[in-house]
Amino acid sequence: MKKLLRHTVLAATFTLMAGPAMASGHGGAHWGYSGETGPEHWGELNPAYEMCAKGVNQSPIDLTGFIEAELEPIVFDYRGLATEILNNGHAIQANYAAGSTITVAGKTFELKQFHFHAPSENTIDGKYFAMEGHFVHADEKGNLAVVAVMYEPGEANEGMAKLWKQMPHHPGDKEGMASQVKAEDLLPANRDYYRFNGSLTTPPCSEGVVWLVMKNPVSVSEEQVKQFSETMGFPNNRPVQPVGARPILK
Ligand SMILES: [Zn+2]
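Predicted, not measured: the structure shown is a model, and the values here were computed from it. (Residues numbered from 1 in each chain as written. Predicted model: local features only at pLDDT ≥ 70, side-chain atom pairs only at ≥ 80, totals over all residues. Heavy atoms only, no water.)

**Description of the overall build of the protein chain**
- Secondary structure assignment for the protein chain yields five helices and 13 strands.
- For the protein chain, the residues scored as buried account for 49% of the 250 residues in total.
- Taking as baseline every contact in the protein chain between residues at least 6 positions apart, the subset at least 24 positions apart corresponds to 66%.
- A total of about 11500 Å² of accessible surface is found on the protein chain, and carbon and sulfur atoms cover 53% of it. (Helix = DSSP H or I, 4+ residues; strand = E, 2+ residues; numbered from the N terminus. Buried < 20%, exposed > 50% of the residue type's maximum accessible area, 1.4 Å probe, protein only. Contact = heavy atoms within 4.5 Å. Areas by Shrake-Rupley, 256 points an atom, 1.4 Å probe, with all protein chains shown as cover.)

Set out below in C-alpha cells:
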C-alpha cells in the first residue's frame, strides 16, 4: 500500500514535466508516452508499427501465474564498459563496448546497450517498481534477449550515480562516458529469473524477443529516480499487454 501511494505521489509530481522531453521522436514516426502519440495509438502512427496494435506476444506484461521450470542459470560474461550515454527522447541509454555476452539455453547474445524506464514496464504479481532497466542483447542473426532489472527505492546505486552525472538532458544529445560504468553494477547479485517470449516495448514493437526478468530488485535512491524522471518526463513506460497463451517460466 505504501509503495502504491508513493507511486501516485511521484506520478502527480511529474505529470507537469512530461512535456518537451516526450515530444521528440528520432527516425520513423513521432511517438511518445501520452496523448495522441501515446501507447494506445502507436499501431496507427506508422504502418511499420502495426505489431504494436496487432501483436499477440507483446511486452511488457504482468508476470504472474508462473510455470515451474528447470531454468538453467544465465551465464554472464561481461567484460567491457559503457562507452557513451545518450538521450534518445524516450529513455536514457548507455551503449556498450563489444565483447560482453550472456549465454542462456545454449544461445549466446552480446550486450549492445542498456536503458531505463520509470516506473517499471513489466510488473511482478501486479506490483510496479520505481524503475526498470533493460539490458538489450543480440545474437549474430539479430535475435534479441533482454535482461530486465527492477529498481526499488533504498540505498543509492553507484553505477547509476556515475551514469546520471553524465545524463544528457536534451533529446538527441550524446556524450562519451567519462567514468567507467559496468553493466554488472546495475544488476542484482542473485541472477534468478523469469522467462517469457515478448516484444520490444517501443515502436515498432517487433516480436521474437526473449525476456529474462531478474527476480531480485536492486536498490536506487528516490533522488536517482527523481533525477531520471525530471529529464525524461513521467511516465516513460508502456502499459502491460495481454499475456494470452504464453507461459511465464520461473
Ligand atoms: Zn526498454
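Further notes follow.
**A short note on the pairing of strand β8 (residues 131-138)**
- Of all the eight residues making up β8, eight are buried; the element is thus mostly covered by neighbouring parts of the structure.
- By the alternation rule, side chains of β8 split into Met131, Gly133, Phe135 and His137 and Glu132, His134, Val136 and Ala138, which are all buried.
- One ladder, built from seven bridges, connects strand β6 (residues 107-117) with β8; its direction is antiparallel. Residue histidine 115 lies in a different strand from β8, and its bridge partner there is histidine 134. (Pairing = 2+ DSSP bridges.)

**Some thoughts on the coordination of the zinc ion**
- Each protein donor to the zinc ion is listed here as His115 (NE2), His117 (NE2) and His134 (ND1); together their distances run 2.0 to 2.1 Å.
- In the primary sequence, the donor residues of the zinc ion line up as H-x1-H-x16-H. A residue pair is termed long-range when its members are at least 10 positions apart, and histidine 115 in strand β6 and histidine 134 in strand β8 qualify at 19 residues. Each of the two residues, histidine 115 as well as histidine 134, counts as buried. (Donors = N, O, S within 2.8 Å, 3.2 Å for Na, K, Ca; no water.)

**Brief notes about the packing of aromatic side chains**
- Under the defined criterion, the tally for this structure stands at 13 aromatic pairs.
- Seen in terms of ring centroids, tyrosine 33 and tryptophan 42 are 5.8 Å apart; in terms of plane orientation they differ by 70°. Their pairing is edge-to-face.
- Residue class for tyrosine 33 comes out buried when judged on its relative accessible area of 7%.
- When the centroid spacing of 4.4 Å and the interplanar angle of 15° are considered together, the rings of phenylalanine 66 and tyrosine 194 count as stacked. Within this pair, whereas phenylalanine 66 is found in the loop between β1 (62-63) and β2 (75-77), its partner tyrosine 194 is found in strand β11 (residues 193-199), the two being separated by 128 residues in sequence.
- An aromatic cluster is built from Phe76, Tyr78, Tyr96, Phe114, Phe116, Phe135, Tyr151, Trp164 and Phe228, whose rings are joined through pairwise contacts.
- For the cation-ring pair, arginine 191 lies above phenylalanine 76, with the distance from its terminal atom to the ring centre recorded as 4.6 Å. (Phe/Tyr/Trp six-rings, centres within 6.5 Å; stacked < 30°, edge-to-face > 60°. Lys NZ or Arg CZ within 6 Å of the ring centre and 35° of its normal.)

**Digging into the pattern of salt bridges**
- On inspection of all chains with the given rule, the structure shows seven salt bridges.
- Across the pair lysine 54 and glutamate 50 runs a salt bridge whose closest N-O atoms are separated by 3.2 Å.
- Using a relative accessible area of 38% as the deciding quantity, one classes glutamate 50 as partly exposed.
- Residues glutamate 152 and lysine 127 are paired through a salt bridge, measuring 3.7 Å at the closest nitrogen-oxygen approach. Residue glutamate 152 is located in strand β9 (residues 144-153), and its partner lysine 127 is located in the loop between β7 (123-124) and β8; the two are separated by 25 residues in the primary sequence.
- Under the relative-accessibility criterion, glutamate 152 is labelled partly exposed at 23%. (Salt bridge = Lys/Arg side-chain N within 4 Å of Asp/Glu carboxyl O.)

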